[in-house]
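# A closer look at the structure
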Amino acid sequence: MTVTVDSASCIGCSMCAYAAPGIFHMEGRVSTVLPQPDETQFERAAGAANRCPVNAIKISKET
Ligand code: SF4
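About the thresholds
Residues numbered from 1 in each chain as written. Predicted model: local features only at pLDDT ≥ 70, side-chain atom pairs only at ≥ 80, totals over all residues. Heavy atoms only, no water. Helix = DSSP H or I, 4+ residues; strand = E, 2+ residues; numbered from the N terminus. Buried < 20%, exposed > 50% of the residue type's maximum accessible area, 1.4 Å probe, protein only. Contact = heavy atoms within 4.5 Å. Near = heavy atom within 4 Å. 1 Å grid on protein atoms, 1.4 Å probe; cavity = no way out; pocket = protein on both sides within 12 Å on 5 of 7 lines; lining within 4 Å. Sits in = over half its atoms within 2 Å of the grid points. Nonpolar A, V, L, I, M, F, W, Y, C, P; charged D, E, K, R; others polar. Points joined across faces, edges and corners; volume = space filled by probe spheres on them.

For Ala 56, the location among the structural elements is in the loop between helix 2 (42–51) and strand 4 (57–60). For Ala 56, a relative accessible area of 2% gives the class buried. Along the backbone, Ala 56 and Ala 20 are 36 residues apart, and their C-alpha atoms lie at a distance of 15 Å. Leave out the neighbours within four places in its chain, and Ala 56 touches Thr 4, Val 5, Asp 6, Ser 9 and Cys 10.

Further remarks concern the site of the ligand. In the vicinity of the ligand there are 14 residues, among which Cys 10, Cys 13, Ser 14, Cys 16 and Cys 52 approach most closely. If you map the ligand onto the pockets, it falls in the largest cavity. When the residues that make up the shell around the ligand are grouped by side-chain class, the tally is eleven nonpolar, three polar and no charged.

Moving on to empty space enclosed by the protein. Under the criterion given, the structure shown has one cavity of 30 Å³ or more. Lining of the largest cavity is provided by 14 residues; of these, Cys 10, Cys 13, Cys 16, Ser 31 and Cys 52 occupy positions nearest its centre. Tallied by class, the residues present in the lining of the largest cavity amount to eleven nonpolar, three polar and no charged.

Encoded structure:
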């Protein structure tokens, strides 16, 4: 699983970092994903992705 944030789309609302701390971290006004979460974190990552107002979070099954 690979989780990415499109930094060009991210508006820095912090919703993902609030919804899934430990996966998403705010660096200035952009969310980052470090380190990549393992498969057990999929539901939390997906929940945060669903909350993103600009759909900037993408989750791929591939690593
Ligand atoms: S929820 Fe979306 S727009 Fe908001 S900080 Fe996270 S990635 Fe950026």
